[in-house]
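So the chains spell out like this:
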Amino acid sequence: MNLSEEHLTANYARYPVEFVRGEGARLWDADGVEYLDFLAGISVSNVGHCHPAVVAAVQEQAARLIHVGNLFYTEPMTALAGRLARSLGPGAKVFFTNSGAEAVEAAIKCARKAKQGGDVISLQRAFHGRTYGALSATPQESKQAPFAPLVPGFRSCEPTAAAVAAAVDDRTAALILEPVQGEGGVWVLDDEVLVAAREACDAHGAALIFDEVQCGLGRTGTFWHFEQTPVVPDLLTTAKGLGGGLPVGALIAGPAYADVFAPGDHGSTFPGGPVIAAAAHAVLDVVADAGLLARVRDAGERLRATLAELPGVGDVRGRGLMNAFDLDAGGAPELVRRALLEERLVLNATGPATVRLLPPLVVSDAEVDEALARLRRLLG
Ligand SMILES: *Cc1c(COP(=O)(O)O)cnc(C)c1O
């Protein structure tokens, strides 16, 4: 820990725990102490830590070919693109990235090229990443202010149907939103907001971007969250859970935007490499399973019902296994710290009064009950 302070930049506030091993929803620290993981690396380890199919796929592919770059064809990437593109219908195409922020950058560049310029509108409470374009679409003073000036042409509006309808006009290139706002504290946007966004974008020739980096890939109980809504986006971003812990993201461009990028427009050295694509195939085999998705929905309902009964808990929000609760008296960061150090339960605070739970999607009923018992002890 002292060496970390000495050699790493100070931008993360780390807890005094060093993890060395993981399996399913369990983690072990350097002293061999076991923890229950209800954060999953922020919705990354959706299939659980070290899922055997992911481990085997990575080991096998790493022994055959690790990297050649995007000047050549590789089969794992092409097959993965096919599996993802299907989500937005015939004619959709995929651009791979290394992260969520880069998927957002690609979406913004795609929308602006299609419109030959134009503004980008995001919603208040949004989080789209830390690179300049993604940060410019993340209307949070504390994250933006130290890095001004930001990219020109970005505006934000309230996450309401009326505000969205009023914000989009003929100069709008894109409206970007998270259908479930994650970092903002797990806010499920109403269908009427999404419908208003779809209608406004259609009326003004703007791209509707759904950022499903956190809420996609089974997290809310369907493969993509938009499947639970009446709206299909033009552009969809994914990342976090896609590689089973390895860094991979993607922009899925629906048919109207699939052919916007031309050779030389955009690119990156690493994305879609064989090892990461092999891992993602193994992940998709697990999370695209109807039985698993039904379990995610059931477990989420049970979790929210019990959370609502815990002492000191106010609003409980979420879908599937993407959930948060507010503490009536605040103190979320302190509760998260005590949960980790006293109860060996890994959680996360998205704000002073909000605790977020993002367990692996393979979490068992017994593990959900165990996490709730540990929380009850802390809150009791
Ligand atoms: C985490 C996140 C991002 C950024 O992803 P990185 O991989 O950290 O760049 C973008 N959008 C949403 C909704 C996220 O939750």
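Thoughts on the layout of surface pockets
- For the largest pocket, the calculated volume is near 1,800 Å³.
- Secondary structure elements with two or more residues in the lining of the largest pocket: α2 (40-43), α5 (100-115), α12 (332-343) and β16 (348-351).
- Residue composition of the lining of the largest pocket, by class: 25 nonpolar, 15 polar and 10 charged.
- In this structure, the second largest pocket occupies an estimated 880 Å³ of space.
- Along the walls of the second largest pocket sit 26 residues, with K93, V94, F95, F96 and F261 positioned nearest its centre.
- When contributions to the lining of the second largest pocket are tallied by element, the ones reaching two or more residues are α4 (75-85), β4 (93-97) and β12 (249-253).
- For the lining of the second largest pocket, the element with the highest residue contribution is β4, accounting for 4 residues.
- Among the residues making up the lining of the second largest pocket, the classes are represented as 17 nonpolar, 7 polar and 2 charged.

Observations regarding α5
- Between its first and last C-alpha, α5 extends 23 Å over 16 residues, near the 22 Å set by a 1.5 Å rise per residue.
- Taken residue by residue, α5 has G100, A101, A103, V104, E105, A106, A107, I108, C110 and A111 as its buried positions.
- Downstream of α5 by a residue or two, Q116 has a phi angle that is positive, lying close to 55°.

Re empty space enclosed by the protein
- A complete count under the given rule lists 1 cavity of 30 Å³ or more for this structure.
- In this structure, the largest cavity occupies an estimated 50 Å³ of space.
- Together, H67, V68, G69, N70, T74, M77, T269, F270, P271, G272, G273 and P274 line the largest cavity.
- Considered class by class, the residues forming the lining of the largest cavity number 5 nonpolar, 7 polar and no charged.

With respect to the packing of aromatic side chains
- Taken as a whole and judged by the stated rule, the model has 3 aromatic pairs.
- Taking 5.0 Å as the distance between ring centres and 70° as the angle between the ring planes, the aromatic pair formed by F223 and W224 counts as edge-to-face. Taken as a pair, F223 and W224 share a single burial class, namely buried.
- Directly above the ring of W28 sits R21, whose terminal nitrogen or CZ lies 4.1 Å from the centroid.
- Its guanidinium or amino end placed over the ring of W187, R317 lies 3.9 Å from that ring's centre, counting from NZ or CZ.

Rules behind the numbers
- Residues numbered from 1 in each chain as written.
- Predicted model: local features only at pLDDT ≥ 70, side-chain atom pairs only at ≥ 80, totals over all residues.
- Heavy atoms only, no water.
- 1 Å grid on protein atoms, 1.4 Å probe; cavity = no way out; pocket = protein on both sides within 12 Å on 5 of 7 lines; lining within 4 Å.
- Points joined across faces, edges and corners; volume = space filled by probe spheres on them.
- Helix = DSSP H or I, 4+ residues; strand = E, 2+ residues; numbered from the N terminus.
- Nonpolar A, V, L, I, M, F, W, Y, C, P; charged D, E, K, R; others polar.
- Expected span 1.5 Å × (residues − 1).
- Buried < 20%, exposed > 50% of the residue type's maximum accessible area, 1.4 Å probe, protein only.
- Phe/Tyr/Trp six-rings, centres within 6.5 Å; stacked < 30°, edge-to-face > 60°.
- Lys NZ or Arg CZ within 6 Å of the ring centre and 35° of its normal.

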